[in-house]
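Summary of the model geometry
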Amino acid sequence: MQHKKLKDWVNKMAQMCEPEKIVWIDGSDIQKKQLEQEAMSGGEVIQLNQEKLPGCFLHRTAKDDVARTEHLTFICTRKKHDAGPTNNWMSPRLAYKKAATIFKGAMKGRTMYVIPFSMGPVGSTFAKVGVEITDSIYVVLNMLIMTRVGEAVLRHLGKDGEFTKCLHSKAELDINKRLILHFPEDNTIWSVGSGYGGNVLLGKKCLSLRIASFIARKERWLAEHMLIMGIEDPNGRIGYIAAAFPSACGKTNLAMLVPPEGLKVKNYRIWTVGDDIAWMRIDSDGSLWAINPETGFFGVAPGTNSKTNPNMVATIKKNTIYTNVLLKPDGTVWWEGADGDVPAEGIDWQGRPWKPGMADANGVPVKAAHANSRFTAPVVNCPSASYRLEQHHGVPISAIIFGGRRQHLAPLVYESFNWQHGVFVGATMASELTAAQVGKLGQVRRDPMAMLPFCGYNMADYFRHWLTMGKSMVNPPKIFHVNWFRCDENGKFLWPGFGENLRVLEWILQRCAGRVRAKETPIGYVPFYSDLDMTGLNLGEAALDELFAIEKKGWLEELKGIKAFFNQFKKDLPEELWQEYEALCARFKT
Ligand code: OXD
Ligand code: MN
C-alpha cells in the first residue's frame, strides 16, 4: 500500500484507539471465512442452519442500540448556518474533542479492522471511496455485503486518491457516550458508542447521503434517499424511475414489486437497481443517470413475507446477516409478520426464551423480533436484480417520484407542472407518524425529499441545488407525487398497494413517453381514469373519486403548514419556492 496519507491516518487513529492489532480487509473469500469463524467464536454472530439458510448468521445488538439515533447525529461544519435549521450542529473543534475522549483507548484488547470500500462500481465516474476503521467484525461482515471492499479499491486509490475517513468504535456501546459526527469540510465521519447498522455502516447514511449530498452540491450531482427500479414493457423498453419516500413507507417493497394478477397478460418485468440510495448525474445527453452506490439491502424484517415481498423472501435465503430477529430451535429465524406459523418457542431478539402470548410486567406482549430488526443481503441474490448494477454509466431516469403516508389530502398520483414545481412538491413532502414512531398518531411531519435526517448541509441550499440541477438538464425527468395510503372516512385504505402500484407506475411512464393526456388540477396533473389500467382490480369509480379528490379546505390547511415549514429557512429559502407557494395559493383561490 503506497498511500501515505491513508497510512498516516490509520496510524494516528490507532494511536488514539489503542487496538491490540490492525487487520486490513482485502475483500477475499478466505479472509471473510476467517472473520466469520472469529465472529462465531467471539459470540458476535450465531451461525444459522446451513442447510436451510446457507451462509447466514444472526447478530443481536444491545437493547438500547436498535435504531438510528438522530438526536446524537451531528453535522459539524465550521459555521452553524451551513448545517441549517433542520440539522443538529456541533462545532468541529468541540465535536472532535468530545468524541476523542470516548475513542481514547476504546479498542484496547480489540482488533482494529481497516476497510477500504467503494460506493459505486470501482473507478466509475459516480463512485466515491471511503475507508472505514472499526473494532466490530459485525460491521466488517455487513460492509462486505453492502459495499465493494478490498484490494481493487486500494489499487484505484493509488498513491494519493481522495477518500472519506470513516472512524467507528463500539467503545462501551453506551448510549450516553454515543456520537455520530459528520465533518463534511474534512470529508470525515466519526461514529462511536453504537453497533447498530445505520449508525455504524458508515458507507450508507453517513457517507452515501450526508457526506455525499455535501460533495454532490459542489460537484453538481444529486445524492438522494431514493430507490431505483426499471419497468420493462412487453416491447423490451425499460423505463427507470427513482423514488423517495420517508422510512417505513415501503421503498424496498416497491423496488422489487411483483406485477399484479390483472396486469400479468402485459408481461411487465421489474428490474431492481436499489432500494435506498440513488446517486444521479447529468450525462452528456443532458439526461439524468443514476446508480445505486450500494451492493446490498439493509431491510426491515417485520412484515416481510411472501405476500408483501416475495422477491425479498427469496433474496434473504442465503449469505444474509440477520439482526435482532427470533432464533428458532431449528436454527432458522422468524419475525412478526414472517411466512409460516408463529413458532411454538424460540430465543427472542434479546437472547431470552420466548413463547407466543408472553407479556411483560405491564401486560404488553413481548415481541419475538425487534420492530426495527433487519437483514443484510446482497442485491445480486434478488430475483429481480438489475443486470446493469455494475455498469459504470448507471441507468437513465425518466421519472422522479416523491411520496408520503397521507390518510387524506394527497391523491393517489399527480404530476408536477414542471421541474421547479416538482422541486416544490418534493420540498413540501410530508408523512403522518405511525404507531411505530414517537409522537401523536396521524401528526404530519415534513420530510423534504425524504432527506430530512440525511441532508449534510443547509436544506435551503439543498433546494437551491435541486433548482439549479433542473436548469442544467436538456431532458429533466418528470416529477410526480404518489400516496398509496389514502383512507376512506373509516380509516380503511382505499388503494390495495404492493404489486398493484405498478398500475400507477405504468401511467407515470406513459406520461413520460408522452403517450397519454392528463387532467389539470390546482396541485398538478392527474390521470383520466380511462388511462389507468384497472383490469382485475375491483375498484369502482366512487373509490377512484375518493382517491383523487382534491379538497380545497384541506389544501388551504396544508398551505399553512408549508408556510410555517418554509419560514424556518428565513431569507435562505429560494425565492422560486415562495413563488410556487403563492401560485398554489392563487390556483386554489380561483
Ligand atoms: C433506513 C432508513 O434504514 O431510512 O433505510 O431509516
Ligand atoms: Mn432509508
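Details of the structure are given in the entry above.
Residues numbered from 1 in each chain as written. Chains lettered and ligands numbered in written order. Predicted model: local features only at pLDDT ≥ 70, side-chain atom pairs only at ≥ 80, totals over all residues. Heavy atoms only, no water.

Side note on the overall build of the chain
Scanning the chain from N- to C-terminus turns up 15 helices and 30 strands. Scaling as 2.2 N^0.38, a compact globule of 590 residues should have a C-alpha radius of gyration of about 25 Å, and the chain matches this with 24 Å. Oriented by its inertia axes, the alpha-carbon framework of the chain measures out at about 70 × 55 × 50 Å. Every one of the 590 residues in the chain was classed for burial, and the buried ones make up 60%. For the chain, the proportion of contacts with a sequence separation of at least 24, taken over those separated by at least 6, is 72%. Summed over all atoms, the accessible surface of the chain reaches about 24100 Å², with 51% contributed by carbon and sulfur. The average position of the 72 basic charges and that of the 62 acidic charges among the side chains of the chain differ by 4 Å. (Helix = DSSP H or I, 4+ residues; strand = E, 2+ residues; numbered from the N terminus. Rg over C-alpha atoms; globule rule 2.2 N^0.38 Å. Buried < 20%, exposed > 50% of the residue type's maximum accessible area, 1.4 Å probe, protein only. Contact = heavy atoms within 4.5 Å. Areas by Shrake-Rupley, 256 points an atom, 1.4 Å probe, with all protein chains shown as cover. Lys, Arg positive; Asp, Glu negative; His and termini not counted. Charge placed at Lys NZ, Arg CZ, Asp CG, Glu CD.)

A short note on the pairing of strand β15 (residues 278-282)
Burial analysis of β15 places four of its five residues in the buried class, the great majority of the element. Bridging between strand β11 (residues 222-224) and β15 involves three bridges; their strand directions are antiparallel. By the bridge assignment for β15, Ala-223 is matched with Trp-279. Note: β15 against strand β16 (residues 288-291), four bridges, orientation antiparallel. Looking across to β16, one finds that Arg-281 is bridged to Trp-289. The hairpin formed by β15 and β16 contains five residues between the paired strands, and Gly-286 there has a positive phi angle of roughly 75°. (Pairing = 2+ DSSP bridges.)

Comments concerning the coordination of the manganese ion (ligand 2)
Protein coordination at the manganese ion (ligand 2): the donors are Lys-205 (NZ), His-225 (NE2) and Asp-276 (OD), at 2.2 Å from the metal. Sequence positions of the residues that donate to the manganese ion (ligand 2) give the spacing K-x19-H-x50-D. Here His-225, found in the loop between β11 and β12 (226-232), pairs with Asp-276, found in the loop between β14 (269-274) and β15; they are 51 residues apart in sequence, far enough to count as distant. You can call His-225 buried: its relative accessible area is 1%. The buried category is assigned to Asp-276, whose relative accessible area is 7%. (Donors = N, O, S within 2.8 Å, 3.2 Å for Na, K, Ca; no water.)

Comments concerning the layout of surface pockets
In this structure, the second largest pocket occupies an estimated 360 Å³ of space. What lines the second largest pocket is a set of 18 residues, and nearest its centre among them are Leu-144, Ile-145, Thr-147, Thr-295 and Pro-378. Residue composition of the lining of the second largest pocket, grouped by class: seven nonpolar, six polar and five charged. There are two domains that each give the lining of the second largest pocket at least three residues, and those are domain 1 (4-44 + 68-219) and domain 2 (224-295 + 389-551). (1 Å grid on protein atoms, 1.4 Å probe; cavity = no way out; pocket = protein on both sides within 12 Å on 5 of 7 lines; lining within 4 Å. Points joined across faces, edges and corners; volume = space filled by probe spheres on them. Nonpolar A, V, L, I, M, F, W, Y, C, P; charged D, E, K, R; others polar. Domains from an automatic or database assignment.)

What to know about the site of ligand 1
Near ligand 1 the following residues occur: Arg-68, Lys-205, His-225, Ser-247, Asp-276, Arg-374 and Phe-454. Note that an oxygen atom of ligand 1 is positioned 3.2 Å from one of the side-chain N or O atoms of His-225. Within the side chain of Arg-374, one N or O atom sits 3.1 Å away from an oxygen atom of ligand 1. Within the complex, 87% of the 210 Å² of free accessible area of ligand 1 lies under protein. The residue inventory of the shell around ligand 1, partitioned by class, reads one nonpolar, two polar and four charged. (Near = heavy atom within 4 Å. Polar contact = N/O pair within 3.5 Å; in protein donor to acceptor, adjacent residues only side chain to side chain.)

Quick word on the nonpolar core
Trp-279, Met-280, Tyr-322, Ile-400, Trp-466, Leu-505 and Ile-508 are the most contacted members of the largest nonpolar core, which has 164 residues in total. Ranked by size, the runner-up nonpolar core spans 32 residues in total, among them Ala-14, Ala-106, Phe-163 and Val-192. (Core = buried A, V, L, I, M, F, W, Y, C linked by side-chain atoms within 4.5 Å.)

So, the pattern of salt bridges
Where charged atoms of side chains with opposite charge meet at close range, the side chains can pair. Scanning all chains against the criterion turns up 33 salt bridges. Across the pair Glu-44 and Lys-170 runs a salt bridge, and its minimum N-O distance is 3.8 Å. Taken as a pair, Glu-44 in the loop between α2 (29-41) and β2 (46-47) and Lys-170 in the loop between β8 (164-169) and β9 (179-183) lie far apart in primary sequence, 126 residues in all. Judged by its relative accessible area of 19%, Glu-44 is buried. Among the residues examined, Lys-170 registers a relative accessible area of 16% and is labelled buried. (Salt bridge = Lys/Arg side-chain N within 4 Å of Asp/Glu carboxyl O.)

Brief notes about helix α4 (residues 137-146)
Side chains of residues three or four places apart in an α-helix project in the same direction, reflecting 3.6 residues per turn. Most of α4 is tucked away, with nine of its 10 residues classed as buried. Between the side-chain oxygen of the N-cap and the backbone nitrogen of Tyr-138 there are 3.3 Å, and the N-cap of α4 in question is Ser-136.

Concerning helix α15 (residues 575-589)
The terminal C-alpha atoms of α15 lie 21 Å apart, and with 15 residues this matches the ideal 21 Å at 1.5 Å per residue to within 8%. Buried residues belonging to α15 abut α10 (419-427), α11 (459-471) and α14 (552-567). (Expected span 1.5 Å × (residues − 1).)

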